[in-house]
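Residue-level listing of the chains:
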Amino acid sequence: MSKIEVKNVYKIFGDSPSKVLPMVQDGASKEEILEKTGHTVGLDNVSITIEEGETFVCMGLSGSGKSTLIRHINRLIDPTSGEIMVEGTNVMSLDKKNLIEFRRHKMSMVFQRFGLFPHKTVLENVGYGLEVQGQKPEERNKVAMEKIEAVGLNGFEHQYPNQLSGGMQQRVGLARALATNTDIMLMDEAFSALDPLIRSDMQKQLIDLQSKLKKTIVFITHDLDESLRLGDHIGILNGGKLVQVGTPIDIIMNPADDYVKAFVKDVNRARVIKAKIIMIPANKTNGIDKSNLIKVEEDQFLEEFLPQVVCNNANCEVVDKSGNIKGYITNKELQSSLTKS
Amino acid sequence: MQKYKKILKPFIYSVVFIFLIIISYRSAKPRYKPENFTDIFNDFSWLGNWPKWLDFPLMQPLNSGFDWLIVEYGLFFEGINNFLLGLYTSMKNSLVGLPWPIVIALVVLITYFASGRKTNTTVMVAFCTFFLGFLSPRYWDKCIMTTCIVVIGMLLCIVVGIPIGIAMARNKKVRNALLPILDLMQTIPSFCYLIPGILLFGLGAVPAIIAIFVYAVPPLIRLTDLGIRLVDKEVIEASEAFGASKKQTLWGVQIPLALPNIMQGVNQCTMMSLAMVVIASMIGTRGIGDEVLLGLQQLNVGMATEAGIAIVLLAIIFDRITQSYGEKIQERTQQKKKI
């Protein structure tokens, strides 16, 4: 069973969405619908499955419906048609009371502009999820302090959010989402409002946290580098339609259409491709010059060992963590993987 | 279906319009209208001056409706009257009974704690309070009466206005229904409800309190509504995403964040109450307003101005206290960045 399943979800914004729905299902384009009926198509037949413990990145430009999609998962927005299953429960079938329970215990959310409560201290903000669950102040402060430490904000717990910098505020947002200890985390352009240095810092922190916690993360972004760095799977949305779903390498190597191609055109491939992706397995390496070898680990990115290869004019030997030889990389593989299609 | 809806509304309006014209025609006196209905379409002289039969009868039903209200619900209005009057007299008597230095000390204490221990504001308010009696000893008791009326009127506004404002912010239908009523309350001349007020509650403080309520509650309702709606949408989404119920979101997030705006509404409410108190003196409400009236009646410019200054001082006291309390809340909810 997949952790989250979104099945054939349509979302149309306007006065009477259900009347426009058949038109959209018949394949009318977004522009046509807007002109004829004044309704906006938010999502057009989107289906995704997200497995437990993975980071699923949903990418697209503004207006592509990615923020709308993530709000369907915890039903901040109701779909016009379609099903959303979380751990086998149909979210659409929940009544008011169960929906509140569901939001309290199943998932937490991080927001683009942080969504912190300006009238509460950092400690109170982080403990908010527990507060609405009705936990006592001592218990929730204890948990909140742990999470504040986890994101490295010790000493700031009695400050108010707007006394902090943007990066620190988003750490509070992250700690707040961690505090309820839910399996699923929804992150809506969580790092988009931060400047580049702090953003890559936060990405690293998220990767570290994720390697320990193994949560199911749905991450929304418009930044391809970010999605390649964080995502186990990436879904690309364009105008409310899901254009392509795949691993980062899939997306870069086999873009599904011109839209995705344009997206990946400027990607620094050396930064996102790992050695193990392009290596030739050890048992198929007849005729490779093994006299001049450089050892690289299978999880290293190309850019990390590329300068060495160029300087020594050598081939690479790919090893796993315990030192076993997994395969080889020659100039040919490097060339074909780095050439833009 | 959508096309029907577009036609339906104008259709209903025109039916109502024709219905009103028929009513006015039927209820007009026989000598005002042509003997036969069809004469209208033969003789067009009625197009010259506004014909007397084209007069919607609103006055009579309003009068009889008002009479019916007094007869049927007299007890209800008397109950309200007794409650408000009791509140007013007990408050007034206790304040008038106190020695004046103690009253000033009380005002100073209230200001000091309401403003978050700001000495500037406190000293200023203390001076203003002192000057009320200093202008003319007669003014002291009258200012207390006025203050009591304003405070009770304000309490009524807050108790009724803030919940209505919240309801408006949360429900579009409620807002659409109430906005025209608020417009009506703000634009209808005050004498239109002062006179019925006298008929229902008698002369004195109570009709003034009712008039204050009608006149001063709209800005409070509007600002409460605005304040709640202005709360950042993402913050509310955050609250909902963590599983807060509507009640938890309202009390934990929306109201605290709307408080600066609500306090601004309370401030506006007090200022308008004071303006109304002077007008209310014309229907015999005792207070500082009748000094102004007296001065005007005797063409005594100095007397009217002196009383006018007292009202301004009173306004400053009210304004400083509510304003500084609002600022204190704002500081707490929207901490400025310390650099």
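Within any chain, residue numbers begin from 1 and follow the written order of that chain's sequence. Chain labels run from A onward and ligand labels from 1 onward, assigned in the order the entries are written. Given that the model is predicted, a residue must reach a pLDDT of at least 70 before its local features are reported, and side-chain atom pairs must reach 80 or more before they are shown or counted; all residues, however, enter totals for whole chains, interfaces and linings.

(A) Highlighting the overall build of chain B. The secondary structure listing takes helices from DSSP runs of H or I that are at least 4 residues long and strands from runs of E that are at least 2 residues long, numbered from the N terminus. Along its length, chain B carries 13 helices and zero strands. For chain B, the N- to C-terminal ordering of α and β elements is α-α-α-α-α-α-α-α-α-α-α-α-α. Taken over C-alpha atoms, the radius of gyration comes to 26 Å for chain B, far larger than the 20 Å a tight globule of 339 residues would show. C-alpha extents for chain B along the principal axes are approximately 80 × 65 × 40 Å. Counting all 339 residues of chain B, 34% fall into the buried class. Distance between backbone-placed C-beta atoms decides contact: two residues are in contact if it is within 7 Å. In chain B, 75% of the contacts between residues at least 6 apart in sequence involve partners at least 24 apart. The globule rule used here is 2.2 Å times the number of residues to the 0.38 power, and the radius of gyration it is set against is calculated over C-alpha atoms. Any residue with 12 or fewer other C-beta atoms within 10 Å of its own C-beta is exposed, any with 20 or more is buried, and the rest are partly exposed; the C-beta atoms used are placed from the backbone.

(B) Fine view of the domain arrangement of chain B. Domain start and end points were adopted from an automatic or database domain assignment. Along its sequence, chain B is organised into domain 1 (2-47) and domain 2 (69-99 + 136-333). The gap between the C-alpha centroids of domain 1 of chain B and domain 2 of chain B is 43 Å.

(C) Seen up close, the interface of chain B and chain A. Listed per partner, the contact involves 20 residues of chain B and 20 residues of chain A. Broken down by secondary-structure element, the contributors of at least two residues to the side of chain B that touches chain A are helix H10 (233-241), helix H11 (246-280) and helix H13 (301-333) of chain B. At six residues, the largest contribution of residues to the side of chain B that touches chain A is made by H10 of chain B. Under this grouping Gly is polar, as are all residues other than the nonpolar Ala, Val, Leu, Ile, Met, Phe, Trp, Tyr, Cys and Pro and the charged Asp, Glu, Lys and Arg. By residue class, the composition of the side of chain B that touches chain A is eight nonpolar, six polar and six charged.

(D) Broad picture of the pairing of strand E14 (residues 325-329) of chain A. All names here are of chain A. Here strand E11 (residues 280-281) pairs with E14 via two bridges, running antiparallel. Paired with Ile 280 across the strands is Tyr 328, a residue of E14. Two strands pair when backbone bridges link them, and strand E13 (residues 315-319) and E14 are joined in this way by four bridges, in the antiparallel orientation. Residue pairing in the sheet places Cys 316 in a bridge with Ile 329 of E14. Any two strands are treated as partners once DSSP identifies two or more bridges connecting them. Taken together, E13 and the strand that follows it, E14, pair antiparallel across an intervening segment of five residues, in which Gly 323 is found at a positive phi of about 95 degrees.

(E) View of the sheet that holds strand E5 (residues 89-90) of chain A. All names here are of chain A. The antiparallel open sheet is built from four strands, whose spatial order is E2-E1-E4-E5. With one partner strand each, in any of the chains shown, strand E2 (40-50) and E5 form the two edges of the open sheet. Of the strand pairs in this sheet, strand E4 (residues 81-86) and E5 are connected by two bridges, and their pairing is antiparallel. Within the sheet, the bridge partner assigned to Val 86 lies in E5 and is Thr 89. Axis lines are fitted to C-alpha atoms, over the contacting stretch for helices. Their N-to-C directions set the angle, which ranges from 0 to 180 degrees. The strands that helix H1 (residues 17-25) touches are strand E1 (4-13), E2 and E4; relative to E1, the one it contacts most, it runs at about 110 degrees.

(F) Summary view of the nonpolar core. Formed by 154 residues in total, the largest nonpolar core has its most connected members in Val 218 of chain A together with Ile 149, Ile 209 and Leu 314 of chain B. In this structure Ile 209 of chain B touches Leu 84, Ile 149, Ile 152, Gly 153 and Leu 156 of chain B, once residues within four positions along its chain are discounted. As used throughout, a nonpolar core is a set of buried Ala, Val, Leu, Ile, Met, Phe, Trp, Tyr and Cys residues joined through C-beta atoms within 7 Å of each other.

(G) Structural detail: the environment of Leu 85 of chain B. Residue and element names in this part refer to chain B. Position of Leu 85 among the secondary structure elements: in helix H3 (residues 59-97). On the basis of neighbour counts, which here come to 18 C-beta atoms within 10 Å, the residue Leu 85 falls in the partly exposed class. C-alpha separation for the pair Leu 85 and Val 206, spaced 121 residues apart in sequence, amounts to 6.2 Å. Among residues more than four places away in sequence, those in contact with Leu 85 are Ala 205 and Val 206.

(H) Broad picture of the sheet that holds strand E9 (residues 233-238) of chain A. All names here are of chain A. Strand order in the open sheet formed by six strands is E6-E7-E8-E3-E9-E10, with mixed pairing between adjacent strands. The sheet is open, and its two edges are formed by strand E6 (107-110) and strand E10 (241-246), each paired on a single side. For this sheet, the mean inter-axis angle between neighbouring strands, taken without regard to orientation, is 15 degrees. The pairing of E9 with E10 spans five bridges and is antiparallel. Paired with Ile 234 across the strands is Gly 246, a residue of E10. Together, E6 and strand E7 (184-188) form the strand contacts of helix H8 (residues 166-179), whose direction differs from that of E6 by roughly 175 degrees.

(I) A look at the confidence of the model for chain B. All names here are of chain B. The score called pLDDT rates the predictor's confidence residue by residue, from a low of 0 to a high of 100. Mean pLDDT over chain B stands at 89; residues scoring 70 or higher make up 97%. Of all helices and strands in chain B, the one with the weakest mean pLDDT is helix H2 (residues 39-42) (81), whereas helix H7 (residues 172-187) scores best (94). In the predicted structure, residues 335-339 sits below a pLDDT of 50 and forms six contacts with residues beyond four places in sequence or in another chain.

(J) Here's a closer look at the packing of helix H7 (residues 137-150) of chain A against H8 of chain A. Residues and elements named next belong to chain A. Axis separation between H7 and H8 bottoms out at 9 Å; the angle between their running directions is 135 degrees. With respect to each other, H7 and H8 are oriented oblique. The way H7 lies across H8 gives a crossing that is right-handed. In contact with Val 143, Ala 144, Lys 147, Ile 148 and Ala 150 of H7, H8 contributes Ala 175, Leu 178 and Ala 179. Looking at the contact of H7 with H8, its residues break down into seven nonpolar, no polar and one charged. Should an angle fall under 35 degrees it is called roughly parallel, over 145 degrees roughly antiparallel, and 65 to 115 degrees roughly perpendicular, with every other angle called oblique. Note on convention: the crossing is left-handed when the near helix lies turned anticlockwise from the far helix by less than a right angle, right-handed when the turn is clockwise.

(K) Structural view of the environment of Lys 6 of chain B. With respect to the helices and strands, the residue Lys 6 of chain B is situated in helix H1 (residues 2-27). Separated by 310 residues in sequence, Lys 6 of chain B and Ile 316 of chain B have C-alpha atoms that sit 53 Å apart.

(L) Looking closely at the packing of helix H8 (residues 191-201) of chain B against helix H9 (residues 205-230) of chain B. All names here are of chain B. In the contact formed by H8 and H9, the axes pass within 9 Å of each other and the chain directions differ by 140 degrees. By the angle between their axes, H8 is oblique relative to H9. Considering only the axes of H8 and H9, their crossing is right-handed. Contacts from Tyr 193, Leu 194, Gly 197, Ile 198 and Phe 201 of H8 reach H9 at Val 206, Pro 207, Ile 210, Ala 211 and Val 214. By residue class, the composition of the contact of H8 with H9 is nine nonpolar, one polar and no charged.

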